[in-house]
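Geometric and topological summary
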Amino acid sequence: MEKGNFKSDRRARVFDLELKLDLVNKIEKGELKVLEVSRIYGVSETAVRKWLYKYSGIYKKQTRVIVEKQSISKKNQQLKEQVNQLERCVGQKQLRIDYLEKLLEVSSQRLGEDIEKKIKRLP
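Keep in mind that what you see is a predicted model, and the values were worked out from it rather than measured. (Residues numbered from 1 in each chain as written. Predicted model: local features only at pLDDT ≥ 70, side-chain atom pairs only at ≥ 80, totals over all residues. Heavy atoms only, no water.)

**Focus on the overall build of the protein chain**
Our working rule: Only DSSP runs of H or I reaching four residues or more are called helices, and only runs of E reaching two or more are called strands; each is numbered from the N terminus. Each residue is placed in one exposure class: buried if its accessible area under a 1.4 Å probe, protein chains only, is under 20% of its type's maximum, exposed if it is over 50%, and partly exposed if it falls in between. A contact between two residues is defined here by any heavy atoms of the two lying within 4.5 Å. Under the convention used here, a 1.4 Å probe and the Shrake-Rupley method define accessible areas, while residue burial counts only the protein chains that appear.
A tally of helices and strands in the protein chain yields five helices and zero strands. For the protein chain, the α and β elements follow one another from N to C terminus as α-α-α-α-α. Split into buried and exposed, the 123 residues of the protein chain put 14% on the buried side. The contacts in the protein chain between residues at least 6 apart in sequence include a share of 37% that link residues at least 24 apart. With the model as given, the accessible surface of the protein chain reaches about 11500 Å², and the carbon-plus-sulfur share is 53%.

**Some remarks on helix H1 (residues 17-29)**
Using the following cut-off: In this scheme, a helix's expected span is set at 1.5 Å multiplied by one less than its residue total. Each C-beta atom gives one direction from the helix axis, and the arc is the one those directions make.
When the terminal C-alpha atoms of H1 are compared, their 18 Å separation across 13 residues agrees well with the 18 Å that a helix rising 1.5 Å per residue should span. Taken residue by residue, H1 has Lys20, Leu23, Val24 and Ile27 as its buried positions. Buried residues of H1, viewed axially, fall in a sector of 100°; they line one side. Summarising the geometry of H1, the exposed residues directed more than 90 degrees from the buried face are Glu18 and Lys29. The inward-facing, buried residues of H1 abut helix H2 (34-41) and helix H3 (45-55).

**Examining the environment of Ser108**
With respect to the secondary-structure elements, Ser108 resides in helix H4 (residues 69-111). In this view, Ser108 contacts Glu113, Asp114, Ile115 and Glu116; residues no more than four positions away in its chain are not counted.

**Digging into the confidence of the model for the protein chain**
Condition: Confidence per residue, as judged by the predictor, is encoded in pLDDT with a range of 0 to 100.
With 83% of its residues at a pLDDT of 70 or more, the protein chain shows a mean pLDDT of 84. Per-element averaging of pLDDT across the protein chain places helix H5 (residues 115-121) at the bottom with 81 and H2 at the top with 93.

**Focus: a negative patch on the surface**
As a reminder of what qualifies: Patches were defined on residues exceeding 30% relative accessible area and lacking a salt bridge, with like-charge contacts within 9 Å and nonpolar side-chain contacts (Val, Leu, Ile, Met, Phe, Trp, Tyr) within 5 Å. Salt-bridge detection follows one rule: a side-chain nitrogen of Lys or Arg within 4 Å of a carboxyl oxygen of Asp or Glu. We treat Lys and Arg as the positive residues and Asp and Glu as the negative residues; His and chain ends play no part in the count. Charge positions are represented by NZ for Lys, CZ for Arg, CG for Asp and CD for Glu.
The grouping of Asp98, Glu101, Asp114 and Glu116 at the surface amounts to a negative patch. Relative to the elements of secondary structure, Glu101 occurs in helix H4.

**Here we look at the nonpolar core**
In a soluble, globular protein the nonpolar side chains are often hidden away together inside. Just so we agree on the cut-off: Nonpolar cores were defined as sets of buried Ala, Val, Leu, Ile, Met, Phe, Trp, Tyr and Cys residues, with membership established by side-chain atoms within 4.5 Å.
Phe15, Leu23, Val24, Ile27, Leu32, Val34, Val37, Val43, Ala47, Val48, Trp51 and Leu52 form the largest nonpolar core, which has twelve residues in total. At the level of elements, H1, H2 and H3 are the ones that each hand at least two residues to this core. Broken down by element, the residue count for this core peaks at four residues, all from H3. Ignoring sequence-local partners within four residues, the contact set of Trp51 consists of Phe15, Lys20, Leu23, Val24, Val37, Val43 and Ser56.

Structure below.
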């Protein structure tokens, strides 16, 4: 290399298509990150992103994911409604348990026997 010439003496490397596809797949699954692939294989992040744009079904250059505040609000509202429904179900079940426990208590008093103990002894 000449003095004053800052060009690298790096040789052009060609990565196998199968390897690129495997790495893109691992990035899509979240097993690897672009930065990790870049460091492990000694290739620029830009090159890895180009592989993603070229071979990925998810990371296309033209694709944009837009998250709208309204959609988040709608999702939150749906989750709140689901929580309310589950709380109602739990409340109904607790009322039934309380009723059955009271029924057991009153029945035991009227019969003069502890029905709960008899139930526990049954096979």
